[in-house]
Amino acid sequence: MIRFIKLREEHLTQVLEWRTQADVTRFMNTDIEKDLVKQKEWFNRISISETDKYWIIEIKGFLVGLISLNEIDTVNKRASWGYYIGEEKYRLYGGIIPTYFYNYIFSKYYFHKITAEVMGGNDNVVKLNLMHGYRLVGVYKDHIFKNGSFFDMNLLELLKDDWLKAGKFKKNICEFEE
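Residues numbered from 1 in each chain as written. Predicted model: local features only at pLDDT ≥ 70, side-chain atom pairs only at ≥ 80, totals over all residues. Heavy atoms only, no water.

**Student:** Would you explain the pattern of salt bridges in this entry?
**Tutor:** When charged atoms on two side chains of opposite charge get close, those side chains can pair. Across all of its chains, the model carries 14 salt bridges by this definition. R3 is the partner of E175 in a salt bridge, and the nearest nitrogen-oxygen pair spans 3.7 Å. Of this pair, E175 sits in the segment after helix 6 (160-166) while R3 is found in strand 1 (residues 2-6), placing the two residues 172 residues apart along the sequence. A relative accessible area of 41% places E175 in the partly exposed class. Residue E177 is joined to R8 by a salt bridge in which the shortest nitrogen-to-oxygen separation is 2.5 Å. Note that E177 is positioned in the segment after helix 6 and R8 in the loop between strand 1 and helix 1 (12-19), a separation of 169 residues in sequence. Its relative accessible area of 31% is what places R8 among the partly exposed residues. Overlapping salt bridges bring together R3, E58 and E175 as one network. (Salt bridge = Lys/Arg side-chain N within 4 Å of Asp/Glu carboxyl O. Helix = DSSP H or I, 4+ residues; strand = E, 2+ residues; numbered from the N terminus. Buried < 20%, exposed > 50% of the residue type's maximum accessible area, 1.4 Å probe, protein only.)

**Student:** What exactly am I supposed to notice about the environment of D52 here?
**Tutor:** Inspection of the secondary structure puts D52 in the loop between helix 3 (36-47) and strand 2 (53-59). When the C-alpha positions of D52 and I144 are compared, they lie 22 Å apart, and in sequence the two are 92 residues distant. The residues touching D52, leaving out its near neighbours within four places in the chain, are I46, L69, N70, E71 and I72. Side chain to side chain, D52 and S49 meet in a polar contact 2.8 Å long. (Contact = heavy atoms within 4.5 Å. Polar contact = N/O pair within 3.5 Å; in protein donor to acceptor, adjacent residues only side chain to side chain.)

**Student:** Looking at this structure, I do not really get the packing of aromatic side chains. What am I missing?
**Tutor:** Two aromatic rings are characterised by how far apart their centres lie and by the angle between their planes. Taken as a whole, this structure holds 18 aromatic pairs when the rule is applied. Seen in terms of ring centroids, Y104 and F176 are 3.9 Å apart; in terms of plane orientation they differ by 5°. Their pairing is stacked. Of this pair, Y104 sits in helix 4 (residues 97-108) while F176 sits in the segment after helix 6, and the two are 72 residues apart along the sequence. Classification of F176 by relative accessible area gives buried; the value is 8%. Of note, K89 hangs over the ring of F62, and the distance from its end group to the ring centre comes to 5.8 Å. (Phe/Tyr/Trp six-rings, centres within 6.5 Å; stacked < 30°, edge-to-face > 60°. Lys NZ or Arg CZ within 6 Å of the ring centre and 35° of its normal.)

Here is the structure:
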């Protein structure tokens with residue numbers, strides 16, 4: 001039902017469409033131009049990165065969004081991450097997608113913790129993260145300047161032990177293409 005496919009060049013047009021939608025980019029730290037040449041340049045950079053991994057989210061055979069593991073730090077056993085669902089009719093899966101991701105990364109990469117940054121105003125994602133076991137560790141005030149205004153940035157972390165202790169989503173295992 002849910003699969004994570006390694007991001008490939010053939011996905012870039014679709015990813016660019018999702019990423020430039022107003023309802024997706026609204027809570028992103030950055031805005032990007034709808035420029036396929038720049039999208040390919042970005043893809044070429046991340047494809048050789050040792051500290052970033054990207055997957056397309058597939059649900060019931062449909063490509064619906066993007067998920068990434070970033071700032072991979074093997075020494076300190078941590079990383080950050082992010083995701084979005086670009087297909088509106090699949091956004092109801094937004095609360096369950098991370099549970100598959102946590103199970104995968106905490107077993108595959110042996111991280112001690114993962115971190116997340118959630119832009120102020122995106123209260124539903126903060127609540128979702130807290131429900132999954134994150135703790136709010138701070139807020140950067142007026143951290144992002146976007147659309148003529150400053151926005152706070154909520155800083156959250158999830159320890160592997162806290163995720164495993166909760167145990168309520170341990171059966172949410174699926175394929176992540178390497």
